[in-house]
Amino acid sequence: MKHYSKQREMILRAVREHPVHPTAEEVLAILRAQGSTASLSTVYRNLQLLSEKGLLRKISVPGGSDRFDGELHEHFHALCRGCGRVADVQYPLPGLAEAVRAQTGMQADAVHLTVRGLCPRCAAAQAEGSRTQPPHPAQ
């Protein structure tokens, strides 16, 4: 980093120490619990800078808040469309770079994959909800 910032360091540490892939709002709550007076705009600005510098990974969540990941090794993500929880998936895809090159001619240097579905808790809640709801009328 060009300029040292205590708040930036606290934000980086908050993301790295909380493997829940926190949103900017969650990072702010972590900082506030530590006594910081940082503003949400400061958190957003520093998360963006840290992700641009490659010190954090930004996970875009369609229809939701971006989440941030302190794990920089190659891995994928599973996103629950119910509660928004993001989990790491340690799943190397051997031969993916070669397949991309064979199909497109592109030299792949990074892969970002997000699997969307329901986590066990949301799937159970949905199943429970469907048991208590009357069946849909035939159309």
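Refer to the structure above for everything that follows.
Residues numbered from 1 in each chain as written. Predicted model: local features only at pLDDT ≥ 70, side-chain atom pairs only at ≥ 80, totals over all residues. Heavy atoms only, no water.

(A) A look at the environment of C80. Within the fold, C80 resides in strand β3 (residues 76-80). Each C-alpha atom, one on C80 and one on V115, is 8.5 Å from the other, the two residues being 35 residues apart in sequence. When near neighbours in sequence (up to four residues on either side) are disregarded, C80 contacts R85, G117, L118, C119 and C122. (Helix = DSSP H or I, 4+ residues; strand = E, 2+ residues; numbered from the N terminus. Contact = heavy atoms within 4.5 Å.)

(B) Focus on the pairing of β3. Burial runs high along β3: four of the five residues are buried. Where β3 meets strand β4 (residues 86-89), four bridges bridge the pair, whose relative direction is antiparallel. Within β4, the residue paired with L79 across the bridge is V86. Note that β3 and strand β5 (residues 114-117) share four bridges and pair parallel. Along β5, the bridge assignment pairs L79 with R116. (Buried < 20%, exposed > 50% of the residue type's maximum accessible area, 1.4 Å probe, protein only. Pairing = 2+ DSSP bridges.)

(C) Structural detail: the state of the cysteines. Evaluated as defined, the whole model comprises zero disulfides. Counting only cysteine sulfurs, C80 is the nearest neighbor of C83, a cysteine outside any disulfide, at a range of 3.8 Å. We note that C119 lacks a disulfide partner, and the nearest cysteine sulfur, in C80, lies 3.6 Å from it. (Disulfide = S-S within 2.5 Å.)

(D) Molecular detail of the side chain of S36. Tracing the backbone through its elements, the reader meets S36 in the loop between α2 (24-33) and α3 (40-52). Excluding its chain neighbours within four sequence positions, the residues that come into contact with S36 are Q7, M10 and L31.

(E) Quick look at the packing of helix α1 (residues 6-17) against α3. Between α1 and α3, the least distance of the axes is 10 Å, while the angle of their chain directions is 75°. In terms of orientation, α1 and α3 fall into the roughly perpendicular class. Residues Q7, R8, I11, L12 and V15 of α1 lie in contact with α3, whose contacting residues are T42, V43, N46, L47, L49 and L50. For the contact of α1 with α3, the residue count by class is seven nonpolar, three polar and one charged. (Axes fitted to C-alpha atoms, helices over the stretch in contact; angles between N-to-C directions. Parallel < 35°, antiparallel > 145°, perpendicular 65-115°, else oblique. Nonpolar A, V, L, I, M, F, W, Y, C, P; charged D, E, K, R; others polar.)

(F) Quick look at the environment of R32. Here R32 is to be found in helix α2. Contact partners of R32, with chain neighbours within four places excluded, come to T37, A38 and S39. A distance of 2.8 Å separates a polar side-chain atom of R32 from the backbone oxygen of A38. (Polar contact = N/O pair within 3.5 Å; in protein donor to acceptor, adjacent residues only side chain to side chain.)

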